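Below are the chains, spelled out letter by letter.
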Amino acid sequence: MSVIITVAPTGPIATKTDNPALPTQPEEIADAVHQAYQEGAAVAHLHLRDVNDRPTADVSVARRTIELIRERCPILIQLSTGVGLDVPFDERAALIELRPEMATLNPCSMSFGAGEFRNPPAGVERLAARMQELGIKPELEVYDTGHLDACLRLRDKGLLSGSPQFSVVLGVRGGMAATPENLTLMVGRLPEDAVWQVIAVGRHNLALTGIGLALGGNARAGLEDTLHLRKGELAPGNRQLVRRAVQLARALDRPVADVDEARKTLLTRP
Ligand code: KMH
Ligand code: ZN
């Protein structure tokens, strides 16, 4: 089964001081996504920043970034509705009115590093319903076992259509630790028809991405999840992280899906 690789070029937390290669402005993000596409990424997971590089849910910044990406390549767009810890939920949720092919859905509130990630149950249900109405595929971000149960409840309520698509997020302080045991536990509990990828945050990114690929999952790569190529060595850019994920997949005899195949698997499965 081929591997769908998602590039997550920016994220909400890191700064250019952490890694000067972090793309934050629309042109920079579009160039980074284009390079990732050339390496084999089929999906772009996007966070936007304002002119001061702070996370923003500004619809005009998102629209401009998407336009610049579309001028460069046909990669599938997945907007983050996580946006950033200080951005109010309703502003974050309004981003989906831009009708990207996909958007993230974070099912629960949690501690997130030193901050709080607020996803109130009623807001999550409203967002799920609106995504369903607009035909936007939710990427269900589960940081803990209970988050998976919350997603299954959304499905039971009829708020998720088609095969559910999960990101098993490991290594966020406030969620599950990045261990092989946590990953296998979560994968074992996913519904049979689930499509899934690992998001391994921080220093275990490489190992857990590899284990996820070996277990049959998809992969995410980019500076949102790790600033380093290896211990003590900053990644020169998103391109190199995507290239490494592609190499890992190929070494495991898993071909890498192009955009058409990714579209079929992610967006048109019943
Ligand atoms: N930053 C990751 C830990 C989102 O953007 O909605 C999770 C994530 C969620 O990518
Ligand atoms: Zn994100």
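Further up the page is the structure itself.
Residues numbered from 1 in each chain as written. Chains lettered and ligands numbered in written order. Predicted model: local features only at pLDDT ≥ 70, side-chain atom pairs only at ≥ 80, totals over all residues.

### Notes on the overall build of the chain
Along the chain, the regular secondary structure elements total 9 helices and 14 strands. Expected size for 270 residues packed as a compact globule is a radius of gyration near 18 Å; at 17 Å, the chain falls within 12% of this value. Buried positions account for 49% of the 270 residues belonging to the chain. Nonlocal contacts in the chain, meaning residues at least 24 apart in sequence, comprise 71% of its contacts between residues at least 6 apart. (Helix = DSSP H or I, 4+ residues; strand = E, 2+ residues; numbered from the N terminus. Rg over C-alpha atoms; globule rule 2.2 N^0.38 Å. Buried ≥ 20, exposed ≤ 12 C-beta atoms within 10 Å, placed from the backbone. Contact = placed C-beta atoms within 7 Å.)

### Points about the site of ligand 1
As a structural note, the neighbourhood of ligand 1 is formed by G11, S80, T81, G82, T104, N106, E141, V169, V172, I199, V201 and E224. Residues belonging to the shell around ligand 1 are distributed by class as follows: 4 nonpolar, 6 polar and 2 charged. (Near = placed C-beta within 6 Å. Nonpolar A, V, L, I, M, F, W, Y, C, P; charged D, E, K, R; others polar.)

### Comments concerning the pairing of strand β10 (residues 165-170)
The buried fraction of β10 amounts to 6 of the 6 residues, a majority that puts the element mostly inside the structure. Regarding topology, helix α5 (residues 145-156) serves as the crossover connection from strand β9 (residues 137-142) to the parallel β10, and that connection is right-handed. Both β10 and strand β11 (residues 195-200) contribute to a ladder of 6 bridges, which runs parallel. Directly across from F166, in β11, lies its bridge partner W196. Taking the sense of rotation as the criterion, the β-α-β connection linking β10, helix α6 (residues 180-189) and β11 turns out right-handed. (Right-handed = clockwise from strand over helix to strand, strands pointing away. Pairing = 2+ DSSP bridges.)

### Brief notes about the pairing of strand β2 (residues 43-46)
The side-chain alternation of β2 yields two buried faces, one formed by V43 and H45 and the other by A44 and L46. Crossover connection from strand β1 (residues 5-7) via helix α1 (residues 26-39) to parallel β2: handedness right-handed. With 4 bridges connecting them, β2 and strand β5 (residues 76-79) associate as parallel partners. Residue L46 lies in a different strand from β5, and its bridge partner there is L79.

### Some remarks on the packing of α1 against helix α8 (residues 238-251)
If you want to describe how two helices pack, look at the angle between their axes and the distance between the axes. Relative to each other, α1 and α8 sit at 20 degrees, their axes nearing to 9 Å. Our classification of the angle between α1 and α8 gives roughly parallel. Regarding α1 and α8, the two cross each other, and that crossing is right-handed. On α8, the residues that touch A32, Q35, A36 and E39 of α1 are N238, R239, V242, R243 and V246. Looking at side-chain class alone, the contact of α1 with α8 contains 4 nonpolar, 2 polar and 3 charged residues. (Axes fitted to C-alpha atoms, helices over the stretch in contact; angles between N-to-C directions. Parallel < 35°, antiparallel > 145°, perpendicular 65-115°, else oblique. Left-handed = near helix turned anticlockwise from the far one by under 90°.)

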